[in-house]
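# Structural characterization, general
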Amino acid sequence: MGVGLEVTTQDGIETPGPCPCSGCGASVPGGEAGWPLESGPLAVLLGPDVQPGEQPSWVDHSYRILRASVWNYYAEPYDLGERAFRDFLKLARAGFHVTVSPSQARHFPGRTVCIEIVGPESAEASRG
Ligand SMILES: [Zn+2]
């Protein structure tokens, strides 16, 4: 059983908790708005010469949560397209575990879908 942080929205859809994305700004233990460019999924997707603002459109309402010394990356877009699926494949081939989960949505449950990405370097960090 995880830490209980159940929230029910106006629509009566349960969420795993409030949303720490930059737009919502909720305080979540271990949570941080946005993704870094120099590590994690964006470093793999965009390479070393990336400029701020170049992130893919599906990386919307992004945040990450540190759990047991492991960064779990989240994005909650309203739509997923060809670019997103190509990126998921690229991340999977790089050793990331990508999960698409409507029930984990925090930003706008029922409208946004939660993309959870746990990376290979996170797995390294969790070993110690
Ligand atoms: Zn949000």
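This write-up is about the structure you can find in this document.

## Things to note about the sheet that holds strand β5 (residues 70-75)
Spatially, five strands are ordered β3-β4-β5-β7-β6 in an open sheet, and the strand pairing comes out antiparallel. Unpaired on one side and paired on the other, β3 (31-33) and β6 (97-101) mark the two borders of the sheet. Adjacent strand axes in the sheet meet at a mean angle of 20° when their direction is disregarded. With four bridges connecting them, β5 and strand β7 (residues 114-118) associate as antiparallel partners. Each residue of the ladder has a partner; that of tyrosine 74, found in β7, is glutamate 116.

## Considerations on the environment of leucine 66
When you line up the elements, leucine 66 lands in strand β4 (residues 63-67). C-beta crowding within 10 Å serves as the criterion here: with 14 such atoms nearby, leucine 66 is assigned to the partly exposed category. Once the C-alpha coordinates of leucine 66 and glycine 30 are considered, the two residues, 36 residues apart in sequence, prove to be 4.7 Å apart. Not counting the four nearest positions on each side in its chain, leucine 66 is found in contact with Gly30 and Trp71.

## Quick look at the nonpolar core
Note on soluble globular proteins: their nonpolar side chains tend to be buried together. In this structure, Tyr73, Tyr74, Ala75, Cys114, Ile115 and Ile117 are the most contacted members of the largest nonpolar core, which totals 21 residues. For this core, the secondary structure elements donating two or more residues are α1 (41-46), β5, α2 (82-93) and β7. With near-sequence residues (within four places) excluded, alanine 75 lies in contact with Trp58, Val59, Asp60, His61, Ser62 and Ile115.

## A closer look at unusual backbone geometry
We note that histidine 61 has phi near 50°; this positive angle belongs to a residue other than glycine. In this structure, serine 69 is a non-glycine residue whose phi angle is positive, near 65°. By the element assignment, serine 69 lies in the loop between β4 and β5. Judged by C-beta crowding, with 11 C-beta atoms within 10 Å, serine 69 ranks as exposed.

## Focus on the pairing of β7
Bridge analysis of β6 against β7 gives five bridges, and the strand direction is antiparallel. Bridge assignment links threonine 99 to a residue of β7, and that residue is glutamate 116.

## Looking at the pairing of β5
A regular strand places its side chains on the two faces of the sheet in alternate fashion. Burial analysis of β5 places five of its six residues in the buried class, which makes it a mostly covered element. Here five bridges tie β4 to β5, and the two strands are oriented antiparallel to one another. Bridging across to β5, arginine 64 finds its partner in tyrosine 73. Between β4 and β5, which pair antiparallel in sequence order, lie two residues; one of them, alanine 68, sits at a positive phi of approximately 50°.

The rules behind each value
- Residues numbered from 1 in each chain as written.
- Predicted model: local features only at pLDDT ≥ 70, side-chain atom pairs only at ≥ 80, totals over all residues.
- Pairing = 2+ DSSP bridges.
- Helix = DSSP H or I, 4+ residues; strand = E, 2+ residues; numbered from the N terminus.
- Axes fitted to C-alpha atoms, helices over the stretch in contact; angles between N-to-C directions.
- Buried ≥ 20, exposed ≤ 12 C-beta atoms within 10 Å, placed from the backbone.
- Contact = placed C-beta atoms within 7 Å.
- Core = buried A, V, L, I, M, F, W, Y, C linked by C-beta atoms within 7 Å.

In short, the description is geometric, and any link to function would need to be established separately.
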